[in-house]
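# Commentary on secondary and tertiary structure
Chain by chain, the residues run as shown.
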Amino acid sequence: MPLLHYFNPGHETAVLNGSPYYMAPARILRMHRDLAFLPAWYAAPEDYIFTETPVSPDFIRNMTRRYGPFATPLSAREAAATATTMPPAVASPWGWSPQSVHRYETWKEETGWHSLVIPPYDEAYARLCARQTAALCLRSLSGVLPEPDKSLLPRFRSSLEEIEKLIAATRKPVVVKAPYSSSGRGLRWITGEITGPDRTWIAGILKKQGCVSIEPALDKQVDFAMEFFSDGEGRVSFEGLSLFHTTQQGHYTGNFVGSQEEIERRLAALVDSEWMEEIKTALEFSLQELAGHLYTGYIGVDMLIYKNERGAFRLHPCVEINMRRTMGTTALHISRHRLAPGNCGQFRIEYCAGPGEAYAKHLGRAAAYPEKLQNGKLQAGYLALCPVTETTRYTAFLLVNPG
């Protein structure tokens, strides 16, 4: 059956909240709205995309003319007008939560699309989304690397006193992490003595989430991920590698788009490619044990390459696990299906605070980097992946071979 996609980033907080009526912060809701069309870049042409408001028909026509068929975006009003003729479809959000299930159920009732299938939410999914699951995987991977660094293992603490004692005893920079967070949010770098603002931040996380993890602050060189798919029947399979970029604070900014061979070449210049194969196999087994029968969908395992105190490149094989679709899987799909062979560039997500700022940048990039196509695939230039208007704040775009 076709899928009905729904872009709901930041869903980890909705999982933690646990309420069907959870309301995301205003900035996250803005991202939902501005980037609602993003699933079109990984969805099949016969699929549908749930959008809060209609997507410009001109935008759809222009994209279809240049790149071929896309999934059909549908607002509640548009779906209601054609509900009696809609085929059976299966709900497929960016990430599952009680809130996303409730949103689909409400939308189904509003539109009368009675053949829409909404899989039930399993409470075990909340456990899979927490950092404790990543810690379990990391521990199981310790035997794979020839020289495992045991200091990478997260240490979970549930009181401010315990946290202060551990940080003082460590005597090295650390990162304090909320158990439920993603894309570099919910992190606090502590490079010396713990400060008053540090205590306030940690106390807030303890109140909301019960504990924090404490991990060493590493001299990061490269961020990347292994992307997997769980079929829900016990099998987890490797989908590909993604190479991504973050700010100094760890906030996600974008992904490399290009061939898997190029990503492998870049990583092999720093770490042993045999390690990568062993870790991939070990992760498939570990993820099957943890989630193979509990979860159907994509799984992204974030990793990084860092320099140790001796200046040698080392691999952190499991920084974070994302039990959802990721920007990495989106970049992977774009690289394979929308990018002309032999080319590479960047897939970027950008936020602009000022009114009209995103639109002005959009026009500037379109003029500076004209789009060039080869057989219906992007060969070079700038491509906005979602409509950009005067009111847009979040943009998603490709910049390929800018020269």
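Residues numbered from 1 in each chain as written. Predicted model: local features only at pLDDT ≥ 70, side-chain atom pairs only at ≥ 80, totals over all residues. Heavy atoms only, no water.

## Some details on the environment of Leu243
Along the polypeptide, Leu243 turns up in strand β11 (residues 236-246). For Leu243, a relative accessible area of 6% puts it in the buried group. Between the alpha carbons of Leu243 and Asp302 there is a distance of 9.6 Å; along the sequence they are 59 residues apart. Apart from the residues within four sequence positions on either side, Leu243 is in contact with Val222, Asp223, Phe224, Asn255, Phe256, Ile263, Arg266 and Leu267. (Helix = DSSP H or I, 4+ residues; strand = E, 2+ residues; numbered from the N terminus. Buried < 20%, exposed > 50% of the residue type's maximum accessible area, 1.4 Å probe, protein only. Contact = heavy atoms within 4.5 Å.)

## Here's the deal with the packing of helix α8 (residues 160-170) against helix α9 (residues 196-209)
Put simply, α8 and α9 touch, their axes get as near as 10 Å, and they point 130° apart. Between α8 and α9, the angle falls in the class oblique. Of the two possible hands of crossing, α8 and α9 adopt the one that is right-handed. Contacts between α8 and α9 involve Leu160, Ile163 and Glu164 on the former and, on the latter, Arg199, Ile202 and Leu206. (Axes fitted to C-alpha atoms, helices over the stretch in contact; angles between N-to-C directions. Parallel < 35°, antiparallel > 145°, perpendicular 65-115°, else oblique. Left-handed = near helix turned anticlockwise from the far one by under 90°.)

## Points about helix α11 (residues 273-291)
Counted at 1.5 Å a residue, the expected span for α11 with its 19 residues is 27 Å, and the 26 Å between its end C-alpha atoms agrees. When we look at burial in α11, the residues that qualify are Met276, Ile279, Lys280, Ala282, Leu283, Ser286, Leu287, Leu290 and Ala291. Its side-chain oxygen 2.8 Å from the backbone nitrogen of Glu274, Asp272 forms the N-cap of α11. (Expected span 1.5 Å × (residues − 1). Polar contact = N/O pair within 3.5 Å; in protein donor to acceptor, adjacent residues only side chain to side chain.)

## Some thoughts on empty space enclosed by the protein
By the definition in use, this model includes five cavities of 30 Å³ or more. Estimates place the volume of the second largest cavity at around 70 Å³. At three residues, the largest contribution of residues to the lining of the second largest cavity is made by strand β14 (residues 313-322). A per-class count over the lining of the second largest cavity returns six nonpolar, two polar and three charged. (1 Å grid on protein atoms, 1.4 Å probe; cavity = no way out; pocket = protein on both sides within 12 Å on 5 of 7 lines; lining within 4 Å. Points joined across faces, edges and corners; volume = space filled by probe spheres on them. Nonpolar A, V, L, I, M, F, W, Y, C, P; charged D, E, K, R; others polar.)

## With respect to the state of the cysteines
Covalently bonding the sulfur atom of one cysteine to the sulfur atom of another cysteine gives a disulfide. On inspection of all chains with the given rule, the structure shows zero disulfides. Counting only cysteine sulfurs, Cys386 is the nearest neighbor of Cys352, a cysteine outside any disulfide, at a range of 14 Å. Residue class for Cys352 comes out buried when judged on its relative accessible area of 1%. Judged by its relative accessible area of 2%, Cys386 is buried. (Disulfide = S-S within 2.5 Å.)

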